[in-house]
Amino acid sequence: QVQLVESGGGLVQAGGSLRLSCAASGSIFSRYAMGWFRQAPGKEREFVAAISRTGGSTYYADSMKGRGTISRDNAKNTVYLQMKSLKSEDTAVYYCAAVAQQIGAPRSSYLYDYWGQGTQVTVSS
């Protein structure tokens, strides 16, 4: 079992940057691949980025390539999502998720077992 708490969301100007954090507790963090997903009003939850348990492999949605960086600090039990050049279409609730996977990290939300409560990101244009 792992509990996840996102933070770092807020209001940011278009073109700006934001770093989201997801703090994990209740289990051994380094055993989990981690993912970030987002959901805008009226839309399905979509994949944003994911990272393997060691941090050696990262995966990004096309919309995030060149703009987003996922990273993790296993000593701090935390995964991060750094976003830059933010656009209004990045506005959404961002969720982190965890799955016990040894190699790589999945892109599908259905494969994740644990979820945080989400943090709101609003990009003004």
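Just above sits the structure.
Parameters at a glance
Residues numbered from 1 in each chain as written. Predicted model: local features only at pLDDT ≥ 70, side-chain atom pairs only at ≥ 80, totals over all residues. Heavy atoms only, no water. 1 Å grid on protein atoms, 1.4 Å probe; cavity = no way out; pocket = protein on both sides within 12 Å on 5 of 7 lines; lining within 4 Å. Points joined across faces, edges and corners; volume = space filled by probe spheres on them. Nonpolar A, V, L, I, M, F, W, Y, C, P; charged D, E, K, R; others polar. Disulfide = S-S within 2.5 Å. Helix = DSSP H or I, 4+ residues; strand = E, 2+ residues; numbered from the N terminus. Buried < 20%, exposed > 50% of the residue type's maximum accessible area, 1.4 Å probe, protein only. Contact = heavy atoms within 4.5 Å. Salt bridge = Lys/Arg side-chain N within 4 Å of Asp/Glu carboxyl O.

**Notes on the layout of surface pockets**
If a probe the size of a water molecule is rolled over the atoms, the empty space left behind becomes visible.
In step 1: Space inside the largest pocket adds up to approximately 160 Å³.
In step 2: Among the residues making up the lining of the largest pocket, the classes are represented as two nonpolar, three polar and eight charged.

**Overview of the state of the cysteines**
In step 1: Applying the stated rule across the entire model yields one disulfide.
In step 2: Sulfur-sulfur distance for the disulfide between Cys-22 and Cys-96 comes to 1.9 Å. Because the torsion about its S-S bond is 50°, the bridge between Cys-22 and Cys-96 counts as right-handed. Taken as a pair, Cys-22 in strand β3 (residues 18-25) and Cys-96 in strand β9 (residues 92-99) lie far apart in primary sequence, 74 residues in all.
In step 3: You can call Cys-96 buried: its relative accessible area is 0%.

**Structural notes on the environment of Ala-49**
In step 1: With respect to the element layout, Ala-49 can be found in strand β5 (residues 46-51).
In step 2: Classification of Ala-49 as buried rests on a relative accessible area of 0%.
In step 3: Ala-49 sits 39 residues away from Gly-10 along the chain, and the two C-alpha atoms are 19 Å apart.
In step 4: Discounting residues that sit within four places of it in the chain, Ala-49 has contacts with Met-34, Gly-35, Trp-36, Tyr-59, Tyr-60, Ile-70 and Leu-81.

**Points about the pattern of salt bridges**
In step 1: Tallied over the entire structure, the rule returns four salt bridges.
In step 2: Two residues, Arg-38 and Glu-46, come together in a salt bridge whose shortest N-O distance is 2.6 Å.
In step 3: Relative accessible area serves as the criterion here: at 6%, Arg-38 is assigned to the buried category.
In step 4: For Glu-46, a relative accessible area of 36% corresponds to the partly exposed category.

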